[in-house]
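# Structural overview
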Amino acid sequence: MTAAGFSPQAGEESAEELAAAQLRRQVARQFGRSLHIRTLDTGSCAACEQEIRLLAAPHYDLHRLGLFFTPAPRHADMLLVTGPMIRAFDVAVRKTYEAMPGPKLVVATGACALGGVYQPDAFTHGGAGEMLPVDVWIPGCPPSPLALLQGLLVAVGRLAEKSRTMTFVQNGNPR
Amino acid sequence: MTALPLLATAAMLWAAAAVTALATLAGRPWGSSCRPGLAGRAGLRACCLLSCLGGVAAAWGGGLSLVSGNSRTASAGGSVLAGTLQLQATSLAGVFAALLGVIAVATAAYAPRYHEPSPAAGLYLAAYNLALLASMAVLAAGDVVTFCVAWESMALLCYLLILRRPRRTEVAAGAFWFLALSEIGFVLIVAAFVILAAKAHSMQLAVIASRAHLVGGDWRDAAYLLALTGFGFKAGLVPLHVWLPEAHPVAPADGSAFLSGLVVKLGVYGIALFGFRLLPGLPAWPAIVTMAAGAVTAAIGILYALNERDIKRFLAFSTIENVGIIVTALGASMTFLAYSQRSLWAFLLLAALYHVANHGCYKTLLFLEAGVIEHAAGTRLFDRLGGLTRTLPRTSVITFAGTLGIAALPPFNGFVSEWLIFQGLFQGFRTGSHLVGILIVLAAATLGLTGGLAIYAFVRGYGIPFLGMPRTRQAAQAREDGQPVAGPALLAAACAALAVGAPVVLAALSRAMRTVTGVELRPVLLPGRLTVTPAPPPHTIFSALSPTYLAVFLIAVMAVPGLIYLAGRPRAASVTVPVWDGGIVAFRPRMQYSAMTFSAPTRVTFDALYRPAVSVRRASDDPAGRSGPVHYESEVSPVFTRYLYRPVVRVVERLADVVRPLQSGDVNLYLLYVFAVVLIAYLAGAL
Amino acid sequence: MPLWFARGLRRGVVTTRYPAQRDPSAADLPTPPAFCAEKLTREVADQLCQACPCGALSRAGDALTFDAGACTACGRCAQAVPGAVTRSGEFELAATRREHLIKQIPLVGESER
């Protein structure tokens, strides 16, 4: 499943974007109110894991949004991947992904999983995109719980993606 | 045909089978090289065929005697030395005789593929058929002498059965435990019979039964308690059960099946004989002692079963547990009589006999299958097996049927009989005495604990060897061709018949109860055709169960998900992926549950009973973990042998040491003994 | 148990209302940089690319390629060229395609020509 949850530009209604919108509605219907997440650490420094853990704490409380953590891939709808995807983890990643029943989502989070910090070499693939079909990428090092919440809600279609229109360019006065 | 001739026919056929076995297989002298060849194999089959026919006759005769009441006492033979043989087919023995027949048929179907034709097998089969004959004689005995002679021969023949491979030390030890405890029990049984025969001035059991009122209060209680203890040695009441886990593993599979399926039940028969036929009308306290002994036996039996590593020892302890359940029902039944609740008296006896039949069928099945496993996989230990559903499919299905029965899961036969026993115990308040009511409820609670632990134990007993992955190469290479299937399959069919045909069985047992107790249970117990209600009149319905409807309903309910699956299958795309194992690279068989870790919670909870001893030795204490092999040993201490039997044995040995100088071997000392005895006799005669 | 309950009542609800309302703690989060367009000459771009330890900044011809996904918000680019880089304050960075996070920022020399 790809292309979930982005809002089309005004005036551009290509076939691909119509299909994507329909897919987004399907995803929102399936997972929008209840999503079970299985986290997978493929060699990270555990900072992302600490932020993910905070999501269950009272301040951020992901249960109020219908999101739940589950240890069993058989019960999971989404795989939340952190870490640079070290090669020693290949078998485990493949088994975990295969053990999840469809339909399933994959979200990669953290600069390592997005391919930033480590280059592919003998020990690591460099990023989650090499091994898994990622649906949503959440940057950050580590991503704050708020960023994680936004990313998870984008993945289930409850929030619109904002990063496509960001420019990271500041004109004139500082913000 | 009436019952007694049928039972006599069965006995004759078994004698013929024994002779056939001796003639064809054991014909050559010991030690000479022999190749049995065609004659041996044919002889084996002929012996088993005769045994099977005898079993059919016994089952038929047993069934007939259930419904037709007690027959006359017939006498056979007559010699100055041995006296006459008195035989009588009674309703009480009917269940046991029918069970004997079914077990004989099943083991006869099992034996040709299990035993190789050899002289030792010939001797074994001869002893086995004679043991069947002796058991039949015990059940059909009409007087005290016949009973005792038959009982003792049965014990000696079973000793020979266990000694199938006499050169192994553990076999000799196990057989010796059996014989020693059997003899102690026999002494007590004879004492009980002597009291009764003296008080009633007759040796015939029917006459003793009719003159029960002549036995005064204290003598009656003493006789009953002697009988309870004496037969308890055979039945396996705690702490008299010690021979069961020693003798069962070392006997061949059909021998263990016979021991657990029938010989133990003969002990129960003896208790029932004394409690219901020869001495009815006991006061409350011996009955409560019986019930308490049964409840304690059941709990301790299953607790020890949970910590056994060997399949046959595990099944032996499970037998002890079930005997406890039966004896609890018998004890509660006699308690109800002491408080004038006659229909509950008859009802609990019926439930106990039903459980005897059920347990006989599924325990025999499980022991026969344990033998198949031992031959196929080469080991009896749980932790060397695994994955046998794939390598031994038919065996696993049949064993599963037996496991469901013994775990008392609805709608199988174990459930029906245990439900009946519980319903009887729950009506303890009808005795009117608060104390007795509480004691009966405590017994019911103990049986409830036992039932839960039994499910735990049999999940372990079936899951560890059959499910999962094979733990050793032997288990992975087990093969089913050439293993006996017909015998166990017949027993599985019998279990199913006892479950679904419960109304028929209950009708037959009610007829038997009318003979034994004089209470007409049928209109109360089976008001409709298929529903069972265990409440005595004139009370309203206490509870109701229909095993037949339950079986039909459960099968229909289980079919529904199956139908949904079949209907939805074409539309849903499905992918077959491996079992989720945590994502590890390779799942090794040693990572599975072992039998002892599965039951570890009980060792924690009940450590006061088990007193587990754990020892751990490491080769070194390298903190990096490379400490070399670790030797871990955990043992559940054998409380009864260590704290009860060893002290007694030591006292006896010390007494023997004291007395040994009398047998010095010195001829002069012996002449002095002769002289002293003659002198004393002369003086005693003169004075 | 009652003490815990009383303490909770006094403190009130601490759960954030995000995404229905803005969370005040978001103002303090480390976020990727925003670049001042008029200060980005080729030399400044090369300085920034050298300063970045994660490979988020690279110069391809006349555009600065900024990979927001690889950025760890370490702040070395802001330390290297203080005037050209500020805090963007953007933390809602989730993207459905990896390319949505890779931004091409035109350099000053190019626009003047």
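Position numbers for residues start from 1 in each chain and track the written sequence from start to end. Naming scheme: in the order in which they are written, chains are lettered from A and ligands are numbered from 1. Local features in this predicted model are restricted to residues whose pLDDT is 70 or higher, and side-chain atom pairs enter the listing and the counts only when it is 80 or higher, whereas totals over whole chains, interfaces and linings include all residues. For side-chain calculations, the full set of non-hydrogen atoms in the structure is used, while hydrogens and water are omitted.

What follows is about the overall build of chain C. Numbering goes from the N terminus for both helices and strands, where a helix is a DSSP run of H or I of at least four residues and a strand is a run of E of at least two. Helix and strand counts for chain C come out as four helices and five strands. In chain C, the succession of helices and strands from N to C terminus is α-β-α-β-β-α-β-β-α. Only C-alpha atoms enter the radius of gyration, while the globule expectation follows 2.2 Å times N to the 0.38, with N the number of residues. The C-alpha atoms of chain C give 20 Å as radius of gyration, which overshoots the globular expectation for 113 residues (13 Å, by more than 25%). In terms of overall dimensions, chain C has a C-alpha envelope of 70 × 30 × 25 Å along the principal axes.

A contact between two residues is defined here by any heavy atoms of the two lying within 4.5 Å. Taken together, the contacts link 42 residues of chain A with 39 residues of chain C. Accessible area, probed at 1.4 Å, shrinks when two parts are joined; the buried area is that loss added up over both. Area buried by chain A at its contact with chain C is led by A:Leu146, A:Phe168 and A:Gln170, which between them contribute 22% of it. By definition, a salt bridge exists where a carboxyl oxygen of Asp or Glu is found within 4 Å of a side-chain nitrogen of Lys or Arg. One can count two salt bridges joining chain A with chain C. Among the salt bridges present, the one from C:Arg97 reaches A:Glu16, with a minimum N-O distance of 3.6 Å. Any pair of N or O atoms that falls within 3.5 Å is considered a polar contact. Within protein, one atom must be able to donate a hydrogen and the other to accept it, and sequence-neighbouring residues count only if both atoms are side-chain atoms. There are 19 residue pairs in polar contact (both at pLDDT 80 or more) connecting chain A and chain C.

Confidence per residue, as judged by the predictor, is encoded in pLDDT with a range of 0 to 100. Residues with a pLDDT of 70 or more make up 96% of chain C, whose mean pLDDT is 88. Model confidence for the complex: the whole-complex pTM is 0.83, and ipTM, which rates the interface, is 0.87.

Here the focus is the packing of helix H13 (residues 342-377) of chain B against helix H20 (residues 502-517) of chain B. Residue and element names in this part refer to chain B. Here an axis means a line fitted to C-alpha atoms, over the contact stretch when the element is a helix, while the angle between two N-to-C directions is reported on a 0 to 180 degree scale. Orientation of H13 relative to H20, taken along the N-to-C sense of each, is 125 degrees, at an axis distance of 10 Å. Here H20 runs oblique to H13, going by the angle between their axes. Considering the relative orientation of H13 and H20, their crossing is right-handed. The segment H13 lies against H20, with Arg342, Trp345, Ala346, Leu349, Leu350, Leu353 and Tyr354 engaging Ala502, Val505, Leu506, Leu509, Ser510, Met513, Val516 and Thr517. To sort the angles, those under 35 degrees are grouped as roughly parallel, those over 145 as roughly antiparallel, those from 65 to 115 as roughly perpendicular, and the leftovers as oblique. Each crossing gets its hand from how the near helix is turned against the far one by less than a right angle, where anticlockwise is left-handed and clockwise is right-handed.

In this section: the sheet that holds strand S2 (residues 57-60) of chain C. Strand pairing in a sheet is mediated by backbone hydrogen bonds. Such pairs are either parallel or antiparallel. All names here are of chain C. Ordered in space as S2-S3-S5, the three strands form an open sheet in which the pairing is antiparallel. Across the chains shown, the open sheet's two edge strands, defined by having one partner strand only, are S2 and strand S5 (102-106). Across this sheet, the average inter-strand angle for adjacent strands is 25 degrees, counted without regard to direction. Strands in contact with helix H2 (residues 42-51) are S2 and strand S3 (63-67); relative to S2, the strand with the most contacts, it is inclined by about 140 degrees. Pairing between strands is defined by DSSP: at least two bridges between them are needed.

For the rest of this paragraph, the subject is the interface of chain B and chain A. Between chain B and chain A, the residue contacts involve eight residues of the former and nine residues of the latter. Taken together, the two surfaces of chain B and chain A that pack against each other cover about 680 Å², and 61% of this comes from carbon and sulfur. In terms of surface lost to chain A, no three residues of chain B exceed B:Val577, B:Trp580 and B:Gly583, which account for 70% of the buried area on that side. For B:Asp581, the salt bridge goes to A:Lys95, with nearest N and O atoms at 3.1 Å. Linking chain B to chain A there are three residue pairs in polar contact (both at pLDDT 80 or more). For the side of chain B that touches chain A, a count of residues per class yields six nonpolar, one polar and one charged. In this classification, Asp, Glu, Lys and Arg are treated as charged, Ala, Val, Leu, Ile, Met, Phe, Trp, Tyr, Cys and Pro as nonpolar, and every other residue, Gly included, as polar.

Once that is clear, we can look at the pattern of salt bridges. In this structure the tally under the stated criterion is 16 salt bridges over all chains. Among the ionic pairs, B:Arg313 bridges to B:Glu246, the shortest N-O distance being 3.9 Å. Placement of the pair is B:Arg313 in helix H12 (residues 311-338) and B:Glu246 in helix H9 (residues 243-250), with a sequence separation of 67 residues. When its relative accessible area of 26% is taken as the criterion, B:Glu246 is described as partly exposed. For the salt bridge of C:Arg98 with C:Asp67, the shortest nitrogen-to-oxygen distance reads 2.9 Å. With C:Arg98 in the loop between strand S4 (85-87) and S5 and C:Asp67 in strand S3, this residue pair connects regions lying 31 residues apart in the sequence. Assigned by exposure class, C:Arg98 and C:Asp67 land together as buried. Each member of the salt-bridge network shares a partner with another, and the members are B:Asp310, B:Lys312, B:Glu374 and B:Arg380. Burial here depends on accessible area, computed with a 1.4 Å probe over protein chains only, as a share of the maximum for the residue type. Under 20% is buried, over 50% is exposed, and the range in between is partly exposed.

Residues and elements named next belong to chain B. Classification of ring pairs uses Phe, Tyr and Trp, with its six-membered ring standing for Trp, and accepts pairs whose centres are within 6.5 Å; under 30 degrees between planes counts as stacked, over 60 as edge-to-face, and the remaining range as tilted. Summed over the entire model, instances satisfying the criterion amount to 26 aromatic pairs over all chains. Between phenylalanine 147 and tryptophan 151, the aromatic rings sit 5.8 Å apart at their centres with planes inclined by 10 degrees, giving stacked as the arrangement. Note that phenylalanine 147 and tryptophan 151 are positioned in helix H5 (residues 144-162) at a spacing of four residues, about one turn of the helix. Residue tryptophan 151 is classed as buried on the basis of its relative accessible area of 1%.

What follows is about H20(B). Residue and element names in this part refer to chain B. To estimate how far a helix should extend, the number of its residues minus one is multiplied by 1.5 Å. An ideal rise of 1.5 Å per residue puts 22 Å on 16 residues; H20 measures up with 21 Å between its terminal C-alpha atoms. Buried residues of H20: Ala502, Pro503, Val505, Leu506, Ala507, Leu509, Ser510, Ala512, Met513 and Thr517, and no others. Residue glycine 518 follows H20 closely and has a positive phi angle near 80 degrees.

Turning our attention to a nonpolar patch on the surface. A patch is a set of surface residues, each over 30% in relative accessible area and not in a salt bridge, joined within 9 Å for like charges and within 5 Å for the nonpolar side chains Val, Leu, Ile, Met, Phe, Trp and Tyr. What sets the accessible areas is the Shrake-Rupley method with a 1.4 Å probe; for residues, cover comes only from the shown protein chains. Taken together, the side chains of B:Leu672, B:Phe675, B:Leu679, B:Tyr682, B:Leu683 and B:Leu687 present a nonpolar region at the surface, about 730 Å² in accessible area. Mapped onto the elements, B:Leu672 comes out in helix H27 (residues 667-686).

A comparison of contact numbers over the two pairs of chains in contact places chains A and C at the top. With no contact formed, the shortest span from any C-alpha in chain B to any C-alpha in chain C equals 27 Å.

Attention now moves to the packing of helix H15 (residues 393-406) of chain B against helix H17 (residues 434-466) of chain B. Residue and element names in this part refer to chain B. Packing of H15 against H17 leaves a shortest axis separation of 10 Å and a crossing angle of 170 degrees. Compared by their axis directions, H15 and H17 come out roughly antiparallel. Together, Thr395, Ser396, Thr399, Phe400, Thr403 and Ile406 of H15 and Phe458, Tyr462 and Phe466 of H17 make up the contact between the two elements.

All right, on to the state of the cysteines then. Pairs of cysteine sulfur atoms within 2.5 Å are what we label disulfides. Counted by the stated rule, this structure contains zero disulfides over all chains. Counting only cysteine sulfurs, A:Cys45 is the nearest neighbor of A:Cys48, a cysteine outside any disulfide, at a range of 6.2 Å. The exposure class of A:Cys48 is buried, given its relative accessible area of 9%. With no disulfide of its own, B:Cys148 lies 16 Å from the sulfur of B:Cys158, the closest cysteine sulfur.

All names here are of chain A. Read from one edge to the other, the open sheet built from five strands follows the order S2-S1-S3-S4-S5, with strand pairing classed as parallel. Only two strands of the sheet have a single neighbouring strand rather than two, namely strand S2 (67-69) and strand S5 (136-138). For this sheet the average axis-to-axis angle between neighbouring strands, irrespective of direction, equals 30 degrees. Here three bridges tie strand S1 (residues 35-41) to S2, and the two strands are oriented parallel to one another.

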